[in-house]
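Overview (structure and organization)
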Amino acid sequence: MNKASKIYVAGHRGLVGSAIWKILESKGYTNLTGKTSSELNLIDQAATEQFFQQEKPEYVFLAAAKVGGIVANNTYRAEFLYENLAIQNNVIHNAWKYGVKKLLFLGSTCIYPRESPQPMQEEYLLTSPLEYTNEPYAIAKIAGIKLCESYNIQHGTNFISVMPTNLYGPNDNFDLEKSHVLPALLRKIHLGKCLEENNREAIQQDLNKRPIEGITGNASSTEILNILKKYGVTPPAGEQSGSVEIWGTGTPLREFLWSEEMADACVFLMENIDFSDIIESTSLRGGDTTKKQSQQTVSNLPGEIRNTHINIGTGKEISIKAIAKLIAQTVGYNGKLTFNTSKPDGTLRKLTDVNKLHSLGWHHKIEIEEGIEKLYRWYTS
Ligand SMILES: NC(=O)C1=CN([C@@H]2O[C@H](COP(=O)(O)OP(=O)(O)OC[C@H]3O[C@@H](n4cnc5c(N)ncnc54)[C@H](OP(=O)(O)O)[C@@H]3O)[C@@H](O)[C@H]2O)C=CC1
Ligand SMILES: C[C@H]1O[C@H](OP(=O)(O)OP(=O)(O)OC[C@H]2O[C@@H](n3cnc4c(=O)[nH]c(N)nc43)[C@H](O)[C@@H]2O)[C@@H](O)[C@@H](O)C1=O
């Protein structure tokens, strides 16, 4: 990529897309293009083709997707499968058709089997059944990996797939039903602290920025208390402390990566790594049949090529209970944390093996304690 290359960031307003955009700008890339979903609905095949035909981007970051936490994935199963398949089919196919030089596709670590050995190596893909709560989303992401891989093998394109662990950071989704665990708990615990301190102004500010089911800060105290109670945030009453509800048992383990570091990894790979380098690093691990083929060009490779995607994570895990306690400590919340076991736990462990990423030359720096502090500063500023 040179600084004047035309770069399309699909999903440039999202958690990861906005961070990719920011990094590209800060590195001096001057020819960036992005469209909101209302300007360009990537589910629309004709509109997507027209965009590629007219704009002819040279590089594409595919960070547009239907995204959500465990309950959203489990509830809107058809949307997660259909929309993600459609978005990635349209973008990846047109990237090939209109000569995109390199594309980076974002998948997810939920592509790995529910009972995968830990930490999860790229080679564990498609070795046993998936976790039920996000199976449709995972199937779409697996199809995306295979689409990139297959266009590379059949047509000689340079499309790279990355599988991020759970992400968090500025511009995340803080919806209390549809978001991921970290933004949801940060917001609930923040609201719990505001109730603890009887800080009505801070609660009003929060609801004005992000209304819950149409309830804003202008609603009556009763309406506000009722909506917070519905999402598991209750005020202290007399001698009794307030409480914040955590979904599930709190025992599942998760790995969290700061979204701006995720974006940094994406830009690093786009700038430095080609599909042929990935084949080489995959073969160096000895995990598949490309072992003796690393010196050949991609289009000439005989035999089987698979598991060319790259995990992106920290390689470190923490329980949901511990993450809730860490957030409470950062926010300064003293109330109770309760567990609602009628909500799903999902996968019990999904720790990434990041050796391939490290061997390609990228390593994370921000640990979870620092990340939560940064996120809370961003959230309350
Ligand atoms: N967040 C996480 O923890 C993880 C995310 N990922 C993956 O990383 C990628 C980025 O996720 P994240 O940034 O969190 O997602 P966000 O929900 O924050 O952003 C999604 C983006 O996709 C765009 N988009 C959605 N539907 C369409 C559509 N039909 N047409 C055009 N644009 C659309 C949205 O555009 P607009 O705002 O204009 O509507 C938005 O900019 C996704 O592929 C996701 O699967 C993987 C693992 C973990
Ligand atoms: C990134 C990944 O994210 C999704 O998978 P997930 O990791 O299971 O998603 P999650 O972040 O929503 O939950 C993680 C854990 O946390 C618990 N939990 C507690 N309390 C809250 C809570 O208040 N909200 C949420 N959402 N979860 C909570 C929750 O019960 C679960 O045990 C995929 O569907 C898919 O999108 C994907 O790729």
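Quantities reported herein were computed from a predicted structural model and do not represent experimental measurements. Within each chain, residue numbers correspond to sequence positions counted from 1 in written order. Chains carry letters and ligands carry numbers; both start at the beginning, A for chains and 1 for ligands, and go up in the order they are written. Only residues with pLDDT of at least 70 get local features here, since the model is predicted, and only at 80 or more are side-chain atom pairs given and counted; chain-wide, interface and lining totals rely on the full set of residues. Side-chain measures here rest on the full set of heavy atoms in the structure, leaving out hydrogens and waters.

So, the sheet that holds strand E11 (residues 310–312)
- Strand order in the open sheet formed by six strands is E2-E1-E3-E4-E5-E11, and the pairing between neighbours is parallel. Sheet topology places strand E2 (32–33) and E11 at the edges, where each strand pairs with a single neighbour.
- Strands strand E1 (7–10), E2, strand E3 (59–62) and strand E4 (102–106) of the sheet are contacted by helix H1 (residues 15–26), whose axis makes an angle of about 155° with E1.
- In the packing of helix H5 (residues 135–155) onto the sheet, the strands contacted are E4 and strand E5 (159–164), and the crossing angle to E5 comes to about 155°. When DSSP finds two or more bridges between two strands, those strands count as paired. Counting from the N terminus, the helices are DSSP H or I runs at least four residues long and the strands are E runs at least two residues long. Note on definitions: a residue-residue contact is assigned when non-hydrogen atoms from the two residues lie within 4.5 Å. Helix axes are fitted only over the stretch in contact, all axes being lines through C-alpha atoms; the angle between N-to-C directions runs from 0 to 180 degrees.

Remarks on the site of ligand 1
- In this text, near means that some heavy atom of the residue lies within 4 Å of the molecule or strand in question. Near ligand 1 there are 26 residues, and of these Leu-15, Val-16, Ser-37, Tyr-137 and Lys-141 occur at the shortest range.
- Each polar contact in these results corresponds to two N or O atoms within 3.5 Å; when the atoms are within protein, one needs to be able to donate a hydrogen and the other to accept it, and residues that are neighboring in sequence are counted only if both atoms are side-chain atoms. Taking Leu-15, its main chain carries an N or O atom lying 2.8 Å from an oxygen atom of ligand 1.
- Within the backbone of Leu-42, a nitrogen or oxygen atom sits 3.0 Å from a nitrogen atom of ligand 1.
- Here the Shrake-Rupley method, with its probe set to 1.4 Å, supplies the accessible areas, and only the displayed protein chains count as covering residues. Out of a free accessible area of 900 Å², ligand 1 has 87% covered by protein chains.
- Sorting the residues of the shell around ligand 1 by element identifies H1, H5 and strand E6 (166–168) as the ones contributing at least two each.
- Class assignment for the residues of the shell around ligand 1 results in 14 nonpolar, ten polar and two charged. All residues other than Ala, Val, Leu, Ile, Met, Phe, Trp, Tyr, Cys, Pro, Asp, Glu, Lys and Arg, Gly among them, are scored as polar; the first ten of these are nonpolar and the last four charged.

Comments concerning the domain arrangement of the protein chain
- Marked domain ranges trace back to an automatic or database domain assignment. We note that the domain assignment places domain 1 (7–170 + 256–315 + 351–366) and domain 2 (181–252 + 319–348 + 376–380) within the protein chain.
- Each of domain 1 and domain 2 has a C-alpha centre, and these two points are 33 Å apart.
- The interface of domain 1 with domain 2 comprises eight residues on the first partner and ten residues on the second.
- When two parts are brought into contact, each loses some accessible area as probed by a 1.4 Å sphere; the total of that loss over both is the buried area. Note on domain 1 versus domain 2: buried area summed over both sides is about 880 Å², and carbon and sulfur give 81% of it.

Observations regarding the sheet that holds strand E7 (residues 233–234)
- Taken in spatial order, the three strands line up as E7-E8-E13 in an open sheet, and their pairing is mixed. Because the sheet does not close on itself, it has two edges, and the strands there are E7 and strand E13 (336–340).
- In this sheet, E13 lies alongside strand E8 (residues 243–247) in parallel orientation, the contact comprising five bridges. The residue of E13 that forms the bridge with Ser-243 is Lys-336.

Examining the site of ligand 2
- In the region of ligand 2, 23 residues are neighbours, and Gly-68, Ser-108, Arg-254, Pro-344 and Asp-345 sit closest.
- Between ligand 2 and the protein, one listed contact pairs an oxygen atom with a backbone N or O atom of Gly-68 at 2.7 Å.
- A distance of 3.3 Å is found between an oxygen atom of ligand 2 and a side-chain nitrogen or oxygen belonging to Asn-134.
- Relative to its unbound accessible surface of 700 Å², ligand 2 loses 98% to contact with the protein.
- Of all the secondary-structure elements, those providing two or more residues to the shell around ligand 2 are helix H3 (70–75), helix H6 (181–196) and E8.
- Per element, the largest residue contribution to the shell around ligand 2 is four residues, and it comes from H6.
- Looking at side-chain class alone, the shell around ligand 2 contains eleven nonpolar, eight polar and four charged residues.

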